[in-house]
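# Tertiary structure, described
Residues per chain are reported as follows:
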Amino acid sequence: QLQASGGGLVQPGGSLRLSCAASGNIFSIIAMGWYRQAPGKQRELVAASTRDGSTGYADSVKGRFTISRDNTKNTVDLQMNSLKPEDTAVYYCNARRATATGLVDLWGHGTLVTVSS
């Protein structure tokens, strides 16, 4: 299971922090990250962190968002700074597990981020 928290309403230029904790069958998680889906758009990857510490970001958030992962606690946070109206979306926590039959994606419930004045 993935439990996400954070989100809310923030003015342009402001900051928010999203947090996600994994529980249950977590030993085979190889990556955790955040996706988002804006109204009328497809879900897109925002940022991800692998078990070895590698990170990746969507071009639209590079330099503004920072993903951090705690492997001991199985948590992943997303610090979002300099938020823009176009960052408005429902954000989803994701964990990817490696199983005997292939990769399995776990999803948390979405949390709404609204950037508006």
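Bear in mind the structure is a predicted one, so any value in this text is a computation, not a measurement.

Conventions we followed
For every chain, the first residue of the written sequence is number 1, and numbering continues from 1 onward in sequence order. Residue-level local features of this predicted model are given only where pLDDT is at least 70; pairs of side-chain atoms are given and counted only at 80 or more, and the full residue set underlies all totals for whole chains, interfaces and linings. Calculation of side-chain values draws on the structure's entire complement of heavy atoms; hydrogens and water are dropped beforehand. By convention, a stacked pair of Phe, Tyr or Trp rings (six-membered ring in the case of Trp) has centres within 6.5 Å and planes under 30 degrees apart, an edge-to-face pair has planes over 60 apart, and any other such pair is tilted. Strands are runs of DSSP state E lasting at least 2 residues, helices are runs of H or I lasting at least 4, and numbering of each runs from the N terminus. By the criterion adopted, a ring carries a charge over it if an Arg CZ or a Lys NZ lies within 6 Å of its centre and within 35 degrees of its normal. At least two bridges found by DSSP between two strands is the condition for calling them paired. Here the axes come from fitting lines to C-alpha atoms, over the contacting stretch only for helices, and the angles between their N-to-C directions go from 0 to 180 degrees. For the purposes of this section, nonpolar cores are sets of buried Ala, Val, Leu, Ile, Met, Phe, Trp, Tyr and Cys residues that join through side-chain atoms within 4.5 Å. Burial classification: accessible surface area is computed with a 1.4 Å probe over protein chains only, and a residue below 20% of its type maximum counts as buried, one above 50% as exposed, and the rest as partly exposed. The contact criterion used is simple: two residues touch if any of their non-hydrogen atoms lie within 4.5 Å. The definition used for a disulfide is geometric: two cysteine sulfur atoms within 2.5 Å.

Quick look at the packing of aromatic side chains now. Applying the stated criterion to the full structure yields 1 aromatic pair. The interplanar angle of 70° and the centroid separation of 4.9 Å between the aromatic rings of Tyr35 and Trp107 together place this pair among those described as edge-to-face. Of the two residues, Tyr35 sits in strand β4 (residues 29-37) while Trp107 sits in strand β10 (residues 102-107), which places them 72 residues apart along the sequence. Against the face of Tyr92 rests Arg43, its NZ or CZ located 3.8 Å from the ring centre. Over the aromatic face of Trp107 sits the side chain of Arg43, whose NZ or CZ is 4.6 Å from the ring centroid.

One open sheet holds the 4 strands; their spatial order is β1-β3-β8-β7, and the pairing between them is antiparallel. In this open sheet, the two edge strands, each paired with only one partner strand, are β1 (2-5) and β7 (65-70). Averaged over all adjacent pairs, the angle separating strand axes in this sheet is 15°, with direction ignored. Two strands pair when backbone bridges link them, and strand β3 (residues 16-22) and strand β8 (residues 75-80) are joined in this way by 6 bridges, in the antiparallel orientation. Bridge pairing in β8 places Ser19 opposite Asp77.

So, about the nonpolar core. In this structure, Met32, Trp34, Leu78, Met80 and Tyr91 are the most contacted members of the largest nonpolar core, which totals 27 residues. Excluding residues within four positions of it along the chain, Met32 makes contact with Leu2, Cys20, Ala22, Ala48, Ser49, Ile67, Arg69, Asn74, Val76, Cys93, Asn94 and Ala95.

Moving on to the pairing of strand β11 (residues 111-115). A regular strand carries its side chains on alternate faces of the sheet. Of the two faces of β11, the one holding Thr111, Val113 and Val115 is buried and the one holding Leu112 and Thr114 is not buried anywhere. The pairing of strand β2 (residues 8-10) with β11 spans 3 bridges and is parallel. Across the sheet, the residue bridging to Val10 is Val115, located in β11. Summarising the sheet, strand β9 (residues 89-99) and β11 pair through 3 bridges and their orientation is antiparallel. Its bridge partner being in β11, Tyr91 is matched across the sheet by Thr111.

Inspection of the sheet shows β9 paired to β10 by 6 bridges, in the antiparallel sense. From the neighbouring strand, Ala95 faces β10, where its bridge partner is Leu106. Where β9 folds back on β10, the antiparallel hairpin that results is connected by 2 residues.

The full count for this structure, using the stated rule, is 1 disulfide. For Cys20, the disulfide goes to Cys93, at an S-S distance of 2.0 Å. On the sign convention where negative means left-handed, the S-S torsion of about -85° between Cys20 and Cys93 marks this disulfide as left-handed. On the criterion of sequence distance, the pair formed by Cys20 in strand β3 and Cys93 in strand β9 is long-range, its members being 73 residues apart. Of the two residues examined, Cys20 and Cys93, each falls in the buried class.

Keep in mind these values describe shape, not function.
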